[in-house]
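Geometric and topological summary
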Amino acid sequence: MTDPLRIAAGDLEADAILEAIQSGRRVVVSITTLGDEHEVTLRYDGSVYYCDTPTRLHRHESEREMRTCIRNMGYGASPSGE
């Protein structure tokens, strides 16, 4: 198994995160919530996208849903020019 890609929230754009997980790599995102640091693992099993948070497992049925989650949750950087 490939080592996970570890990033801080906002380090990569959604496209780069999606490219990594679609190639079979897990992306571990460090986030700070209410002053505490947590890790969220983003992954793809070939048909479903997952966000493993400290409290919940989110499932996304499409790339568009996953991209929206990445943007809404602040895991990815804003694309250049936005």
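The structure contained in this document is the topic of the report that follows.

Along its length, the protein carries two helices and five strands. Ordered by position in the sequence, the α and β elements of the protein form the string β-α-β-β-β-β-α. The C-alpha atoms of the protein give 12 Å as radius of gyration, which agrees with the globular expectation for 82 residues (12 Å, within 12%). For the protein, the spread of C-alpha atoms along the three principal axes comes to 35 × 30 × 25 Å. With 82 residues in all, the protein has 32% of them scored as buried. Entry remark: accessible area of the protein is about 5200 Å², with carbon and sulfur atoms responsible for 44%. For the protein, the distance from the average site of its 9 positive side-chain charges to the average site of its 14 negative ones is 5 Å.

A separate point is the nonpolar core. What tends to happen in soluble globular proteins is that the nonpolar side chains get buried as a cluster. In terms of nonpolar packing, the biggest core is built from 17 residues, with I21, V27, V29, L42, M66, I70 and Y75 touching the most fellow members. At five residues, helix 1 (residues 14-22) tops the list of elements feeding residues into this core. When residues no more than four places from it in sequence are discounted, the contact partners of Y75 are A8, A9, G10, L12, I17, V29, I31, V40, L42, T53, C69 and I70.

For the rest of this paragraph, the subject is helix 1. For helix 1, the complete set of buried residues consists of A14, I17, L18, A20 and I21. Burial along helix 1 is one-sided: seen end-on, the buried residues are contained in an arc of 160 degrees. Buried residues belonging to helix 1 abut strand 1 (5-8), strand 2 (27-33), strand 3 (36-44), strand 4 (49-52) and helix 2 (63-73). Where helix 1 terminates, the next one or two residues include G24, which has phi positive at roughly 100 degrees.

Conventions adopted
Residues numbered from 1 in each chain as written. Predicted model: local features only at pLDDT ≥ 70, side-chain atom pairs only at ≥ 80, totals over all residues. Heavy atoms only, no water. Helix = DSSP H or I, 4+ residues; strand = E, 2+ residues; numbered from the N terminus. Rg over C-alpha atoms; globule rule 2.2 N^0.38 Å. Buried < 20%, exposed > 50% of the residue type's maximum accessible area, 1.4 Å probe, protein only. Areas by Shrake-Rupley, 256 points an atom, 1.4 Å probe, with all protein chains shown as cover. Lys, Arg positive; Asp, Glu negative; His and termini not counted. Charge placed at Lys NZ, Arg CZ, Asp CG, Glu CD. Core = buried A, V, L, I, M, F, W, Y, C linked by side-chain atoms within 4.5 Å. Contact = heavy atoms within 4.5 Å. Arc of directions from axis to C-beta.

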